[in-house]
Structure formats: structure tokens, C-alpha cells
Amino acid sequence: MPEIILENITKRWGKFFGVDNVSLNIPNNSFITLLGPSGCGKTTILRMIAGLETPTEGKITIGDKVVFDSNAGINVPANKRKVGFLFQNYALWPNMTVYENISFGLKNIHEEMPVLDPEAKQTGDIVRALVNGTKIKEIVEECRDKNGKLDENKAHIKLIDNYNLSIYSAKELFNLGIHSSSDPDKVAKAKLAEYEEKLAGIKEKYAKEGKELSGKYHVLKNGIEVMETRKLTKEEIDSRVRACSRIVKIGMFMDRYPAELSGGQQQRVAIARTLAPEPQVLFMDEPLSNLDAKLRLEMRYELQRLHVETGSTFVYVTHDQMEAMTLATRICLVNNGVLQQYAAPLDVYSRPANLFVADFVGNPSMNFVDAKGAQAADGSVELNILDGVKAKFVPNEPLKISDWRAERDKEEEDKKEFERQRLMKKGAVEKSNKDEVFKYHVQKVEEQDESLMDEPVITDEDFVLGIRPEAIDIEPAGKINTKIYGAMPTGMESTLKLKVGDFLLTSVIFGNSIYLIGQDANIDIKGKDILLFDRRSGKLISGGTLEIM
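Each value, and the rule that gives it
Residues numbered from 1 in each chain as written. Predicted model: local features only at pLDDT ≥ 70, side-chain atom pairs only at ≥ 80, totals over all residues. Heavy atoms only, no water. Pairing = 2+ DSSP bridges. Helix = DSSP H or I, 4+ residues; strand = E, 2+ residues; numbered from the N terminus. Contact = heavy atoms within 4.5 Å. Axes fitted to C-alpha atoms, helices over the stretch in contact; angles between N-to-C directions. Buried < 20%, exposed > 50% of the residue type's maximum accessible area, 1.4 Å probe, protein only. Core = buried A, V, L, I, M, F, W, Y, C linked by side-chain atoms within 4.5 Å. Polar contact = N/O pair within 3.5 Å; in protein donor to acceptor, adjacent residues only side chain to side chain. UniProt positions renumbered as here; feature names shortened; annotations may be inferred.

1. Considerations on the sheet that holds strand β11 (residues 224-225)
If you trace the three strands from one edge of the open sheet to the other, you get β9-β10-β11, paired in antiparallel fashion. The sheet is open, and its two edges are formed by β9 (211-213) and β11, each paired on a single side. As defined by bridge partners, β9 adjoins strand β10 (residues 219-221) across three bridges and the pair is classed as antiparallel. The residue bridging L213 from the neighbouring strand is V219, located in β10. Where helix α7 (residues 184-208) meets the sheet, its contacts fall on β9 and β10, and the angle it forms with β9 comes to roughly 150°.

Structure (C-alpha cells):
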């Protein structure tokens, strides 16, 4: 499967930038999730890679082929990019069976491909199965009902699944009657000799023409596959349909119509239909959103397994952070058309790049605490939090905040200069949906309408602490006194709201202890994943530990 590279991709409508200067490198065989709130641009990015949307500017490369380049005037249409697309709406044809739905697109393929000898393939597949007659009989005998009646359709499916056959080969193998013999190995051996002789005859015919057959029964000349522009044969179409149905486990539903299937089964049909043309990349746009919670969880496991079995590159759009965290090898988090962070799921969770990422990823959400302070000579940062609580933040790595701020200011100036240069180009317009520092939420007992409050004056003494709920633990000797404001036990854990003065903190306590509202409790803040953010830019400064003084 190919690598996908996006370089400075922008999509705008008038002055509204749906995607703003996004660059991505999607490695071969990866599972990437495009994550973000509704309207952030994630589906637009997906559609531009697939060729369903034309970027305003930038360059897209799939494998070694440039499929879009605004400067060179290249724009390869979607049907030439060899990508599969799975939408939120499965869009199955209601008047077609499952088999017809999956095979529909395959019948329309007409392109250059290796020449296949269908007769040789079918003969070779049967030769492969005839090696063990006893196994064939066991497979078929499993298809008898409680009255001993043989279900031939079920037997065909069993043979297809066990030997990777087409329906034509499976029926021919079944009709040899090996399963009804008292000595299936003897009968299979005799039939094997016949089919081997037949296959040898086919190969001899090609040898006289100076050709040969590959292991996939493609015609070779001088060791190179003979290519021709053609349609898929019935054998090829059926083999692909059966292979895809086997992967998603819907082999028994081939003759059913979509209305006769559950939501999960329809989803599997849609996946099989997308896989059948053997796309280079599989795009999925919130494909599980129509399923109930239990089925959605089951389908996540199926998608994980599918990714491993197919070896394909998956690009998946979702606004569900749980789907992104559990499925992806890397998460691409987008907001307002701007790439916020592109990293492995656990990195996004434990080291979010900024306040937006920290707030969006994690359930329950991260606690944000305003802090004032300055860095001490030993590298720690002495802070005043929660209206009078003294604390010391100790970075995990050596940190000089003055150097960090200098780098921050340089990045901001470079960004402004880039924007100035961009606006000087012909046809450039100013972005109407301006980028702003994320307005994080500090939980309080009495919430106030922030729109009525004056904007605070931010100085270099202003920080924001990010504390995951699981880092707050109840300890008898804890140094912060709290009162339990709310408690939600779920069995293996409890989510608590803890009142500290006018502030509220969310905590997740593992175990099945019972907590009462109004109960006094002491807490400590533990772990090396406490985050220190710059309040002015919203960017992460460092991860570290927090000591309560």
C-alpha cells in the first residue's frame, strides 16, 4: 500500500478557510484518524485526498504518483486514484442481493491488468483442495442438520472459506462426490491425478507459445506478466467477492437483501463492497455513527482486525475521541481547518500540543487550573493556584522558560510573516474565520457568563495547569482539603466532583468505594503527566510533577 503525502493543502470558499495550509505524511499500512469537532475540516481533508473535492492550492501524492498539484495543474479524478470510500450512509442497493451489491462495482472495471487463465486457476484451486479427501468429507459433513439432511449451499460456503475458492470451483469440488465415499482419500487421490494432468496440459500449451503461468495463473512471457486492457472474468469477480465476504464474515448472507440484515451486517456488506476493487487506500467517513453503542464497539474490533488482515492504509474520519484513541496508529487532530497535532494516540493524550487538544481528548475532560508564578533557579516553577494554594511544578526534562518563550515569539513572528507573504500573492484573501487561542474552561461552583466579563491582561507570569482526572487521588494525608460535590460510581471506578473553595475538580477514583456528597476528603495530585501550558499562546510548555507546599 502507498504512502500519502499532503503538502500545504488549502481549501477555501471565498474568505472562509475550510482547510488551512495542512501538511501530512500518512505512512504505508497505517491507520490514521482525522479527529475534531463538527465543521473543523476533517471530512474536507478526506475528500480532497480521495479526489471528491478539489483543493484551492497545495500538492497531494499517493505512492509515487502526484494526484493533485495546483502549481502544475494536475488533478487526477477520483476513479483513477484507486481508493475506496466508506460513507456514513452505507448506500446499499435495496433491490440487489448482498452478492450483487459487492460485485456491482467490479463488473464496471475496465483497465489494464495481467492476463488470467480462468480454467487454469479453477483447476489449480481444485488440485490444492484434493490433497486431503478426509478433510473435504469432514467439511461437508459439518453441514448436515439435526435430521441428517445435507445443506448444499452451506457446504459450498464452507469449501469456499476453507480453500479460498470461487463458487464455481466449490460447486465443482462438491460435485466430485468425495464426501459420499467410504474412502474419501482414495477417491480424492484419483481425482487429483486427473486434475493435475489437466493443469499440466494447459501449462504445456503455453510452453509451446513461449509463455508460462505464474503462481496466480497470470500469463507470463519472458518472466514478465502479459498485460491487456480488459474486464474482470466471472472467476475473478467471484473470487474477490468471496474473499471480501470471508474477511468480514458475511459469507452466509450472499443471497439476502439489505432489508433482511441487521445494521452491523449491512456495515460489513458496505466494507466488503469497498474492499472488493482492491483499493490502494480505504477512506472511512464516520462509518459507525449509525450503529448502537454495543455494535459500534464490536465493529471497532472488526476494523482493527480488518486493517491487519488486509494490510491496507486506512484513513478514518470521526468526531468520537474514543474511536480515534482505540483504532488509530496516529491521530490527526484538526480545529478551524488548522492541524493542531499529529501523533500516536497515547502521545496526544499524555502530551497534548495545546489547550484545545488537551480539552478535546480525554473523558472525563482534563481539569484546567489558572496559575501564577515564576521559574526558580533550580528549574522548578513556583505557582499560586486555586486561590491561595502554593505549589511547585517540577519539569520532567530540563527547562528554561525564557528560552521557551523566545522560541514561542519567533514562531509567532514567522507565522505573521508567512501570512503577510501569502496575502501579497495574486488572488489571496484574508481569512475570515480567524485563529484564536482556545478558551479553556475552569470549573467553578458558581458558573459565570464569560461573555460579560472583561478580557484578562495576560503576562508572562500566567500559566495554566492541565491535570487529568486520574491524577487526582483521595489520600488521608493529602495536602488539599476538599468536599465531595458530586459522585458517580460505575462499578470499577467513580467519577467525583471535588469542591476546593470556589473551584471544582474532576477526579476518577478506581475501585468500588462509596463516596457521599458533602463528605470531606483530602487529595493529592500524582504522576509525571501534569501539564504546564502557556496561557498567552495556549501551547504546552512541559510535562512534570506537581508538589503541593
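Structure's up, so let's keep going.
2. Thoughts on the pairing of strand β27 (residues 540-548)
Where burial is concerned, most of β27 is hidden: seven out of the nine residues are buried. When strand β19 (residues 389-395) meets β27, the two strands line up antiparallel, connected through five bridges. Each residue of the ladder has a partner; that of A391, found in β27, is I548. Pairing of strand β26 (residues 530-534) with β27, which is carried by four bridges, proceeds in the antiparallel orientation. Across the sheet, residue F533 finds its bridge partner in β27, namely L540. From the end of β26 to the start of β27, which pair antiparallel, there are five residues, and G538 there has a positive phi angle of about 80°.

3. Re the nonpolar core
Ranked by internal contacts, the top residues of the largest apolar core, which has 44 residues, are L383, I385, L465, F533 and L546. Among residues more than four places away in sequence, those in contact with L546 are I385, A391, K392, F393, L465, I525 and I530. Core analysis: the second largest hydrophobic core is formed by 36 residues, I237, I271, M299 and L303 among them.

4. A look at the environment of T56
Relative to the elements of secondary structure, T56 occurs in the loop between α1 (42-50) and β4 (57-62). When its relative accessible area of 31% is taken as the criterion, T56 is described as partly exposed. In the structure, T56 is positioned 263 residues away from H319 in sequence and 25 Å away in space, judged by C-alpha atoms. In this structure the side chain of T56 is engaged in a polar contact, spanning 2.9 Å, whose partner is the backbone nitrogen of R12.

5. Focus on the UniProt feature "domain: ABC transporter" (unreviewed entry) in the protein
As recorded in UniProt, the feature "domain: ABC transporter" (unreviewed entry) lies at residues 4-361. As a span, residues 4-361 carries 42% helix and 23% strand, and end to end its C-alpha atoms are 25 Å apart.

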